[in-house]
Amino acid sequence: MIGLSLAYLKDRGLNTALNILLLALSVASLVILLLFSSQLENRFDKDAQGIDMVVGAKGSPLQLILSSVYHVDIPTGNVPLDTVELLRRQLGVAEAIPLALGDSFRSFRIVGTEPAYPALLGASLAGGRMFAAKMEAVIGADVAARTGANLGQRFVGGHGMSSGDDGPKHEETPFIVVGRLKPTGTVIDRLILTRVESVWDVHGIADPGEVHHEGESAEDHEAHAGAAEVTAVLVRFGSPIAAVRLPGFINRQTNLQAAVPAVEVSRLLALVGVGLDAVRAFAVLLMLTAGLSIFVALLTALKEREGDMAMLRVIGASRAAIIGQVASEGLILASAGATLGLLLGHGVIGMAAASIEQLRALGLNALTFHPGEALIVAAALGIGLIAALIPALRVLKTDIAETLANAR
Amino acid sequence: MSSPDTLTHSKTAQGPLVEARGLSHARDGRTVMAIGDWQLQPGAHALLLGPSGSGKTTFINIVTGLLTPSHGAISVAGEAMSALPPAARDALRRRTIGLVFQTLRLIPALSVTDNLALAQQLALGHVDRAAIAGMIDRVGLAHRAAARPRQLSQGEGQRAAIARALITRPRLVVADEPTSALDDANAARMIDLMFDVADGTGATLLVATHDGRIAHRFANRLNLMAPVAA
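Everything quoted here is computed from the prediction, not taken from an experiment.

Draft legend 1. Quick look at the packing of aromatic side chains. All names here are of chain A. In the structure shown here, the tally under the stated rule is 5 aromatic pairs over all chains. Seen in terms of ring centroids, Phe 44 and Tyr 70 are 4.5 Å apart; in terms of plane orientation they differ by 45 degrees. Their pairing is tilted. Here Tyr 70 lies in the loop between helix H3 (61–68) and strand E2 (79–80) and Phe 44 lies in helix H2 (residues 13–47), a separation of 26 residues in the sequence. Assessed through its relative accessible area of 4%, Phe 44 is described here as buried. Among the residues examined, Tyr 70 registers a relative accessible area of 2% and is labelled buried.

Draft legend 2. View of the sheet that holds strand E8 (residues 220–223) of chain B. Residues and elements named next belong to chain B. The parallel open sheet is built from 5 strands, whose spatial order is E5-E6-E7-E3-E8. Since the sheet does not close on itself, it has two edges, and those belong to strand E5 (97–101) and E8, each with one partner. The sheet shows a mean angle of 15 degrees between the axes of neighbouring strands, taken without regard to direction. Note: E5 against strand E6 (residues 172–176), 5 bridges, orientation parallel. When the bridges of E6 are listed, Ile 97 appears paired with Leu 172. The sheet strands contacting helix H1 (residues 56–63) are strand E3 (45–49), E5, E6 and strand E7 (204–209), and the helix crosses E6 at an angle near 155 degrees.

Draft legend 3. How the structure looks around the pairing of strand E3 (residues 93–105) of chain A. Residues and elements named next belong to chain A. With 11 of 13 residues buried, E3 lies mostly within the body of the structure. Bridging between E3 and strand E12 (residues 232–237) involves 6 bridges; their strand directions are antiparallel. Bridge pairing in E12 places Pro 98 opposite Val 233. Inspection of the sheet shows E3 paired to strand E4 (residues 108–113) by 4 bridges, in the antiparallel sense. Its bridge partner being in E4, Phe 105 is matched across the sheet by Phe 108. Hairpin connection, E3 to E4: the antiparallel pair is bridged by 2 residues, and Arg 106 has positive phi, about 50 degrees. Pairing of E3 with strand E8 (residues 158–159), which is carried by 2 bridges, proceeds in the antiparallel orientation. Looking at E8, one finds that Ser 104 is bridged to Gly 158.

Draft legend 4. Examining the side chain of Gln90(A) more closely. Tracing the backbone through its elements, the reader meets Gln90(A) in the loop between helix H4 (82–88) and E3. Polar side-chain contacts of Gln90(A) include one of 3.1 Å to the backbone oxygen of Leu86(A).

Draft legend 5. Spatial organisation of the pattern of salt bridges. Applying the stated criterion to the full structure yields 24 salt bridges over all chains. Arg43(A) is paired through a salt bridge with Asp47(A); the nearest N and O atoms lie 3.0 Å apart. Of this pair, Arg43(A) and Asp47(A) both sit in helix H2, 4 residues apart, which is roughly one turn of the helix. Classification of Arg43(A) as buried rests on a relative accessible area of 8%. Take Asp47(A): its relative accessible area is 1%, and that puts it in the buried class. As a salt-bridge pair, Arg195(A) and Glu197(A) come within 3.2 Å of each other at their nearest N and O atoms. One continuous salt-bridge network, built from bridges that share partners, spans Asp11(A), Arg148(B) and Arg150(B).

So, how was this worked out
- Residues numbered from 1 in each chain as written.
- Chains lettered and ligands numbered in written order.
- Predicted model: local features only at pLDDT ≥ 70, side-chain atom pairs only at ≥ 80, totals over all residues.
- Heavy atoms only, no water.
- Phe/Tyr/Trp six-rings, centres within 6.5 Å; stacked < 30°, edge-to-face > 60°.
- Helix = DSSP H or I, 4+ residues; strand = E, 2+ residues; numbered from the N terminus.
- Buried < 20%, exposed > 50% of the residue type's maximum accessible area, 1.4 Å probe, protein only.
- Pairing = 2+ DSSP bridges.
- Axes fitted to C-alpha atoms, helices over the stretch in contact; angles between N-to-C directions.
- Contact = heavy atoms within 4.5 Å.
- Polar contact = N/O pair within 3.5 Å; in protein donor to acceptor, adjacent residues only side chain to side chain.
- Salt bridge = Lys/Arg side-chain N within 4 Å of Asp/Glu carboxyl O.

Given below as structure tokens:
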């Protein structure tokens, strides 16, 4: 009977193709939303692991988190180098790791920091050693893969995140690659790590010097020289009391702001979530429309096929076989739609990650499967089955003799 | 109404294949078919002749178990078809009867070969490709085996329908108006083919028609009259 179902579907090919496409689009939409939101959330969680608070220049706390934890935005500004020591002296602070941002190499951000930073994100060396002297750099796994940089190679950074070969370069102060990190699935895969002092050196500032931030012109950059600054400080608490006390304490300082990644990320996800919910509702509506379309298609087809169905009963098809035949048509449509939808969904995620830098930076991965996809497929199959069963049961209620007599 | 014994053949040791006893059917209080007692012996070629509305189709539906008679009983292959529960009727029809309709009722989405394979699968639970090829060859459709029903001429379609009815090797082949849409030459060829294939497989043939052109081909005829009020 499966063969018969396939033959019927093939016989009305255009209708079949349109129904499969409609269902595939709804499945793809839901898969894209699921993969995007789950991978985004997962990435946000992984990248912020161990970072309880970020201290930086006053401005948008979300911008501070996005620039210092996820490295997808420009910094809010710089803070005095003293801030690092100030934080380390606070009760309940286990770690305070400085970040000096400003330059990049082929779109990969150069981060002046300490070896404690990769350790905080669970990164370990795949080759070479950790940076120690000025101008030594350790590259993340994605950086190594995409730039082809090897140990011992030298490179020069460019201003800001404009990685193009045309932008201004710090030709006189090349970095040397001394280490390569293993893949971690975190933002550190896409970073180039060096000492804070290297970043100062690159900008021609004697230690202690000044770093400039992204988006700043070379002229502005020069004007900033003079004060020893870092862009932000990542803080890991050693006691829960610090989580209560420190943010308020920091925010009372006139030139500092403290931002908590968990708070800012949940605020961001809540904002993004409204949009995602709207698109999700639309995708569910699309799936129901696809189910209705399959229902109408099968109902119409079975109306035309009443004589065939009666004939099948006459030549030996049981009631169960008739139901099975019609149900299998719905299930075949739904299976094809769900399979195509999965491929389409993952394909779109893959293409988006390949062509949109920000999405790639967020670690969007087309080859990752989410358990929720099984639910989407089950929903699609369920809709296909229900859409088929109603017309199937209607066929069974028809009088075979009367149907055949009407057709004779 | 003709005499019920017009079709009575000499009984064989195995008894009649179809036997009606006091058979009649009424709809909305009106008798639409009355046969009374009647027997069809194995291997016979029988004709049920009558105008439209005389009850031919009603009788065929009762013989094939699609309809329960108002009065009397009918047995097929020794089993009381009219007294069986629906599932058992389906099973008896499946293993004993092959049907040919005027409108053919071939599945349009399937090729000739696949139409026969489906009938075989449903009736016998398996597909015998060699037997299918042999049957298609026997009805002269070897060159059209892969064609869909809509690609066949009326005559080819009729042959395909006969082949489907016989591929399950039924003991009884029931044909309802098989020649009504055919011209004289094709009607004659159709009957020749049905005789030939039925004889070749040992099937008993019961043809219901209002087509007087083929009446002379059947020695055994049951003439039904136009319906009368009960």
